[in-house]
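Letter by letter, the chains look like this.
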Amino acid sequence: MEDMGLSFADQSLSLNSAEDAKTIVSAIEKCPCLVFLNLQGNTLGIDAAKEIGHAIAKHGSHLKHALWQDMFTGRLKSEIPIVLEHLSAGLLAANVRLSELDLSDNAFGPIGMQGLVKLLNSPVCYELQKLRLMNNGLGISGAKMLAKALIDNYNASVAAGTPFNLKVLIAGRNRLENEGIIALSQFFSLVKTMEEITIPQNGIYCKGILALSKSLLENPNLKVLDVQDNLLTVIGAEALANVLPKLKNLKHLNIADCLIKSKGALAIAEALNVHESLENLDVSYNEINGESGLILTKALCDKINLKGYNINGNRFGIETIDIITKALKESNKDNTLGSFSGDEGECSSDEENENAEESSTDTEDGDTSTSFADKTADISTSLANKTADLMKDMNVSEINLVKNSTDNVGFEILVDQLMDIAGRYQNANDKVTLDKCFELYKSAYTNATKELKFVDLTNLLLVKHGLIKSEDKKFQLRKDVGRCLDVLRIAVENKNVIPEPSQCVLSFMLKKKFSVQ
């Protein structure tokens, strides 16, 4: 019965008027059991949607799968909510209970969410299990609207005696950022039935990942987690590592291009030592060095279900690649290994020596192998403690969907004072200005660390320097922001001014900004 329905996929139909919709309306009327309706790759206007909605109302009571991807090409954004309302009206009239709704590749943004919210808040979605919203341009405000709609739907469905049990949410390429994923994490913590969360390319970094990780503890049946191309850094990787052992059913983990670096890879490796069900792991393009890559590989060698392992684009070099390949071959898992075509070559110096806060730098090259186990244990313990404190400080259930504007007032004053001084910077010989700024950076991060707010401070620096977009529409960059950026870049390169986790984020965003210019 699930294979019964209609598909008009990719026919490039331009459905504007009621007359244009006749072909689809006629097919719906003749379909004896409309379980799925695929309108992907056509463009749907208001009048046509109204007619199709009427047809669904009369003949669509069996509909379970609404596959409506890429359906608004060339349409005005103002049309989209109305189109969705017409279709929703038909679903409501037919007393439909959808199990799958796919609106991917419709760039409707927050405006389109207005129409979708009404649908999500209706009984039509009480039994929804799969919601696909890939590449919709939701932004932070759209993500908050989505989170609220899902929470409201859950509460209404519980009251109606049919609890909402969403299993799949796909929401990649939507500019969710930290605030968006924090809002959605509230829903994940509430529903407790998630099996797949796919959110690549959303501008999320460690604060958002901490909130997401905490919500995953409430979803032990999770099978797929894809957070690729977000800025996890070491802290985000450690947060995920803390919850991985509790996700016994996890099969697919994608943390590619997330800047987890060698330390983050070590944390993931340790977590996977007790994780048995993993089938696919992607940690490509994460600046992982050879030693950490070997430890991570060793953690996977005994995974009987492993089917795919992508570790391309890191910093191994030919010798380490050969050792990794040999280790997997000896475990009969060489067929799981992806290409190494993007490998960046062996690091010129050990990454941990560059970034960790070490009191001594006198380790001989020959001593690296004997001291590495101790170093790994120290790193793991330090990061575990730091991340545990951060996660304890973040009570996801207490995070409001509306941002508290007083959260960072003290830090904002300090950052403004710092930028007042940085704005006078002239050149590399201006050591007086640099020293004053360095002291203020150190002071700010010392206070932020004590208050467990250094992620908030980093976010504030990113906004004030124009490295990420401000949610405050009235915010304007300083005229001397160029000089402030120069000072920030020197502070990041100094290694001793800004703590390593925030240093990673700032360095990444600075490189991204100046590579575009």
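Residues numbered from 1 in each chain as written. Predicted model: local features only at pLDDT ≥ 70, side-chain atom pairs only at ≥ 80, totals over all residues. Heavy atoms only, no water.

1. As for the overall build of the protein
Now for step 1: The secondary structure content of the protein amounts to 18 helices and 13 strands.
Now for step 2: Burial analysis of the protein (517 residues in total) assigns 53% to the buried set.
Now for step 3: Restricting the contact set of the protein to residue pairs at least 6 apart, pairs at least 24 apart contribute 84%.
Now for step 4: With the model as given, the accessible surface of the protein reaches about 23000 Å², and the carbon-plus-sulfur share is 49%. (Helix = DSSP H or I, 4+ residues; strand = E, 2+ residues; numbered from the N terminus. Buried < 20%, exposed > 50% of the residue type's maximum accessible area, 1.4 Å probe, protein only. Contact = heavy atoms within 4.5 Å. Areas by Shrake-Rupley, 256 points an atom, 1.4 Å probe, with all protein chains shown as cover.)

2. Examining empty space enclosed by the protein
Now for step 1: Counted under the stated rule, the structure contains 1 cavity of 30 Å³ or more.
Now for step 2: Space inside the largest cavity adds up to approximately 40 Å³.
Now for step 3: What lines the largest cavity is L414, V415, L418, Y441, A444, Y445, L457 and L461.
Now for step 4: Residue assignment for the lining of the largest cavity shows that the elements contributing at least two residues are α14 (409-422), α15 (431-450) and α16 (454-464). (1 Å grid on protein atoms, 1.4 Å probe; cavity = no way out; pocket = protein on both sides within 12 Å on 5 of 7 lines; lining within 4 Å. Points joined across faces, edges and corners; volume = space filled by probe spheres on them.)

3. Comments concerning the sheet that holds strand β8 (residues 168-170)
Now for step 1: Pairing is parallel in the open sheet, where 11 strands are placed in the order β1-β3-β5-β6-β7-β8-β9-β10-β11-β12-β13. Each end of this open sheet is capped by a strand with a single partner; those strands are β1 (5-7) and β13 (308-310). Averaged over all pairs of adjacent strands, the angle between strand axes in this sheet comes to 5°, irrespective of strand direction. (Pairing = 2+ DSSP bridges. Axes fitted to C-alpha atoms, helices over the stretch in contact; angles between N-to-C directions.)

4. A look at unusual backbone geometry
Now for step 1: The residue D229 is not glycine, and still its phi comes out positive at about 60°.
Now for step 2: Note on placement: D229 falls in the loop between β10 (224-226) and α8 (233-243).
Now for step 3: You can call D229 partly exposed: its relative accessible area is 29%.

5. Remarks on the pattern of salt bridges
Now for step 1: Inspection of every chain in the model, using the stated rule, returns 20 salt bridges.
Now for step 2: With a shortest N-O distance of 2.8 Å, E179 and K144 are connected by a salt bridge. Linking E179 in helix α6 (residues 177-191) with K144 in helix α5 (residues 139-159), this pair joins segments that are 35 residues apart in sequence.
Now for step 3: On the basis of relative accessibility, which here comes to 21%, the residue E179 falls in the partly exposed class.
Now for step 4: Residue K144 is classed as buried on the basis of its relative accessible area of 18%.
Now for step 5: Two residues, E287 and K261, come together in a salt bridge whose shortest N-O distance is 3.6 Å. Within this pair, whereas E287 is found in the loop between β12 (280-282) and α10 (290-300), its partner K261 is found in helix α9 (residues 261-272), the two being separated by 26 residues in sequence. (Salt bridge = Lys/Arg side-chain N within 4 Å of Asp/Glu carboxyl O.)

6. Some details on a positive patch on the surface
Now for step 1: A grouping of K77, R175, K469 and K473 is seen on the molecular surface, where their side chains present a positively charged patch.
Now for step 2: Relative to the helices and strands, R175 resides in the loop between β8 and α6. (Patch = residues over 30% accessible without salt bridge, like charges linked within 9 Å, V, L, I, M, F, W, Y side chains within 5 Å. Lys, Arg positive; Asp, Glu negative; His and termini not counted. Charge placed at Lys NZ, Arg CZ, Asp CG, Glu CD.)

7. Topic: the environment of L133
Now for step 1: Following the sequence through the fold, L133 ends up in the loop between β7 (130-132) and α5.
Now for step 2: Residue L133 is classed as buried on the basis of its relative accessible area, which comes to 0%.
Now for step 3: The spacing of L133 and A107 is 26 residues in sequence and 9.8 Å in space, taken between C-alpha atoms.
Now for step 4: Setting aside residues up to four positions removed in sequence, L133 forms contacts with L103, S104, F108, L116, L146, I170, A171, G172 and N174.

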